[in-house]
Amino acid sequence: MQENQSQDLENEELYEHHKFVASVGQEPLRVDKFLMNFIENATRSKLQQAAKAGNVLVNEIPVKSNHKVKPNDVVRIVLAYPPAESLLVAEDIPLDIIYEDAAVIVVNKPAGMVVHPGHGNYSGTLVNGLIHHIENLPTNSNERPGLVHRIDKDTSGLLVVAKTEFAMANLSRQFFDRTTERLYYALVWGNVAEDEGRIEGNIGRSLKNRLQMAVFPDGDFGKHAVTHYKVLERLTYVTLVECKLETGRTHQIRAHFKHIGHTLFNDERYGGDTVLKGTTFTKYKQFVHNCFKVLPRQALHAKTLGFTHPTTGAFMQFNSEVPQDIKDCLEKWRTYSENSKDIELE
């Protein structure tokens, strides 16, 4: 049966939609369950249908949905049509442009906007708006026009986009060499003990929840990551911190602060959307949920971005205002803290 499927695959032009490599610590797991851990919004029934049609490959061999994935297995989903994210469509989307010249454009991305098309988000992204605003943007190694870095969908703040091949190569090198400046504001659960600190620990895909990143302090997995932080304001059960990235790993701030016991406020993916610190009083719980309503996403904003201009060689620094949803949430916590000065900090 597998031989026939392989012959069919050879006779049909297939496009790779997803590719994942099982970690060395992967315990045997059904391939449909394995893929559920990776692909947001996927349903098990659709994955089983894909496997039944011969579109799920493990180490280049079509497998059934009950096939057990083992360490280092390469799991791919291939289909007879290209991924929707590769069919970029220009869309007239309003962009908050902070700066633009012939080489670069600096954009202030709102929370809720996806940076580039991907599974479940094929339109309305920053890239869709960029290719409408600028023709012939250069593409990076992942065929994503103009992008040299990105921030998460529900993180707001600044990004620089390259408008020329030279600018893309130059800026990419700056991010690789860690010569850019990136400062974030984050509201985290708990009273951060030190006024300033450094969080160091490899970051890689979580072995328990593949939609999360995790910190591996022993360095067995993941990539080297360092975050510097400074406390800006203590608000009883939450703390406003400024984070300076020394490296730029996926979900770096979110994973690092969860690792040290200070998950970002209302970060659903990392468990910050529940009451992690505070009292057991019903009124307090209601207060926190009201804060969640005011700020319906993780409390993270890319506030400052600095880089050397690819053409002029001048160092440029840009700052963005803290979004209104974070401001409103902070104001609620300030009022609460002012009225709760006698509460012992946790």
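Summarised in this report is the structure supplied together with it. All values reported here derive from a predicted model rather than from experimental measurement.

## Regarding the overall build of the protein chain
Reasoning step 1: Counting its secondary structure elements, the protein chain contains eight helices and 17 strands.
Reasoning step 2: Taken over 346 residues, the protein chain has a buried fraction of 50%.
Reasoning step 3: In the protein chain, the share of contacts with a sequence separation of at least 24, taken over all contacts with a separation of at least 6, comes to 68%.
Reasoning step 4: With the model as given, the accessible surface of the protein chain reaches about 17,500 Å², and the carbon-plus-sulfur share is 47%.

## Considerations on the pairing of strand β16 (residues 300–308)
Regular strands have side chains that alternate between both faces of the sheet.
Reasoning step 1: Summarising burial for β16: eight of the nine residues are buried, a large majority.
Reasoning step 2: Two elements, strand β9 (residues 156–162) and β16, share two bridges in a ladder whose sense is parallel. When the sheet's bridge partners are listed, G157 is paired in β16 with A302.
Reasoning step 3: The pairing of strand β10 (residues 181–189) with β16 spans six bridges and is classified as antiparallel.

## As for the pairing of strand β8 (residues 104–109)
Reasoning step 1: Among the six residues in β8, six count as buried, and that is most of the element.
Reasoning step 2: Neither face of β8 is open: one carries V104, V106 and N108, the other I105, V107 and K109, and all of them are buried.

## Quick word on helix α7 (residues 282–294)
Reasoning step 1: Between the first and last C-alpha of α7 there are 19 Å, a value that for 13 residues agrees with the 18 Å anticipated at 1.5 Å per step.
Reasoning step 2: Regarding α7, the residues found buried are Y284, F287, V288, C291 and F292. Seen along its axis, α7 keeps its buried residues to an arc of 145 degrees; they face one direction. Across α7 from its buried face, at more than 90 degrees, point the exposed residues T282, K283 and K293.
Reasoning step 3: Looking at the buried side of α7, the elements it contacts are β10 and α8 (324–338).

## Let's talk about the side chain of S156
Reasoning step 1: One can find S156 in strand β9.
Reasoning step 2: For S156, the side chain forms a polar contact with the side chain of H301, separated by 2.7 Å.

## Some points on the packing of aromatic side chains
Aromatic rings in a pair are described by how distant their centres are and how their planes are angled relative to each other.
Reasoning step 1: Going through the model one piece at a time under the given rule, you end up with 18 aromatic pairs.
Reasoning step 2: With 4.3 Å between their ring centres and 25 degrees between their planes, F20 and F38 make a pair best called stacked. Here F20 is found in strand β1 (residues 15–21), whereas its partner F38 is found in the loop between α2 (31–36) and α3 (44–52), with 18 residues between them in sequence.
Reasoning step 3: Accessibility expressed as a relative area gives 15% for F20, which makes it buried.
Reasoning step 4: Members of the aromatic cluster, joined through ring pairs, are W189, Y237, F265, Y284, F287, F292, W333 and Y336.
Reasoning step 5: In this arrangement the basic side chain of K303 is found over the ring face of Y185, its NZ or CZ atom lying 5.5 Å from the centre.

## Description of the side chain of N55
Reasoning step 1: Turning to its location among the elements, N55 is positioned in the loop between α3 and β3 (56–58).
Reasoning step 2: Excluding anything up to four places from it in sequence, N55 contacts A50, R76, I77, V78 and L79.

## Re the packing of α7 against α8
Reasoning step 1: At a minimum axis distance of 8 Å, the contact between α7 and α8 shows a crossing angle of 160 degrees. As the angle between them shows, α7 and α8 are arranged roughly antiparallel. For α7 against α8, the interelement crossing comes out right-handed. Packed against α7, whose contacting residues are Y284, F287, V288, N290, C291 and V294, the element α8 presents D325, D328, C329, K332, W333 and Y336 at the interface.
Reasoning step 2: Broken down by class, the residue content of the contact of α7 with α8 amounts to eight nonpolar, one polar and three charged.

## Here's the deal with the pattern of salt bridges
Pairs can form between side chains of opposite charge once their charged atoms are near each other.
Reasoning step 1: A full pass over the atoms with the stated rule returns 15 salt bridges.
Reasoning step 2: In this structure, the salt-bridge partner of R76 is E60, at a minimum N-O distance of 2.8 Å. Pair noted here: R76 is in strand β6 (residues 74–79) and E60 is in the loop between β3 and β4 (61–62), with a separation of 16 residues, a long-range link.
Reasoning step 3: On the accessibility criterion, R76 (16% relative accessible area) is buried.
Reasoning step 4: Through salt bridges with shared partners, one network takes in R150, D152, R254 and D267.

## Side note on α8
Reasoning step 1: Taking 1.5 Å as the rise per residue, α8 with 15 residues should run 21 Å; its terminal C-alpha atoms sit 21 Å apart, in good agreement.
Reasoning step 2: The set of residues buried in α8 consists of D325, I326, C329, L330, W333, Y336 and S337. Looking down the long axis of α8, one finds its buried residues gathered within 130 degrees of arc, a one-sided arrangement.
Reasoning step 3: Its buried side turned inward, α8 meets β10, β14 (226–235), β15 (238–245), α7 and β16.

Procedures and definitions
One numbering rule holds for all chains: residues counted from 1, following each sequence as written. Predicted model: local features are reported for residues with pLDDT of at least 70 only, side-chain atom pairs are reported and counted for 80 or more only, and whole-chain, interface and lining totals are derived from all residues. Here the side-chain values reflect all heavy atoms present in the structure, with hydrogen atoms and water set aside. Helix numbering and strand numbering both begin at the N terminus, where a helix is a DSSP run of H or I of at least 4 residues and a strand a DSSP run of E of at least 2. Relative accessibility under 20% of the residue-type maximum defines a buried residue, over 50% an exposed one, and the middle range a partly exposed one, all with a 1.4 Å probe and only protein chains included. Whether two residues are in contact is decided by their heavy atoms, any of which lying within 4.5 Å being enough. Only the protein chains shown count as cover for residues, with accessible areas throughout obtained via the Shrake-Rupley method and a probe of 1.4 Å. DSSP bridges decide pairing: two strands pair if at least two such bridges lie between them. A helix is expected to reach a length of 1.5 Å times the quantity of its residues less one. This arc is built from the directions going out from the helix axis to the C-beta atoms. Any pair of N or O atoms that falls within 3.5 Å is considered a polar contact. Within protein, one atom must be able to donate a hydrogen and the other to accept it, and sequence-neighbouring residues count only if both atoms are side-chain atoms. Two aromatic rings from Phe, Tyr or Trp, using only the six-membered ring of Trp, form a pair when their centres are within 6.5 Å; if the ring planes differ by under 30 degrees the pair is stacked, by over 60 it is edge-to-face, and anything between is tilted. Whether a charge sits over a ring depends on NZ of Lys or CZ of Arg being within 6 Å of the ring centre and within 35 degrees of the ring normal. Every axis corresponds to a line fitted to the C-alpha atoms, with the helix fit spanning only the stretch in contact, and the corresponding angles, defined between N-to-C directions, vary from 0 to 180 degrees. Small angles under 35 degrees read as roughly parallel and large ones over 145 as roughly antiparallel, with 65 to 115 read as roughly perpendicular and the rest as oblique. We call a crossing left-handed when the near helix sits turned anticlockwise from the far one by less than a right angle, and right-handed when that turn is clockwise. Throughout, the ten residues Ala, Val, Leu, Ile, Met, Phe, Trp, Tyr, Cys and Pro are labelled nonpolar, Asp, Glu, Lys and Arg are labelled charged, and all others, Gly among them, are labelled polar. Whenever a carboxyl oxygen of Asp or Glu lies within 4 Å of a side-chain nitrogen of Lys or Arg, that contact is scored as a salt bridge.

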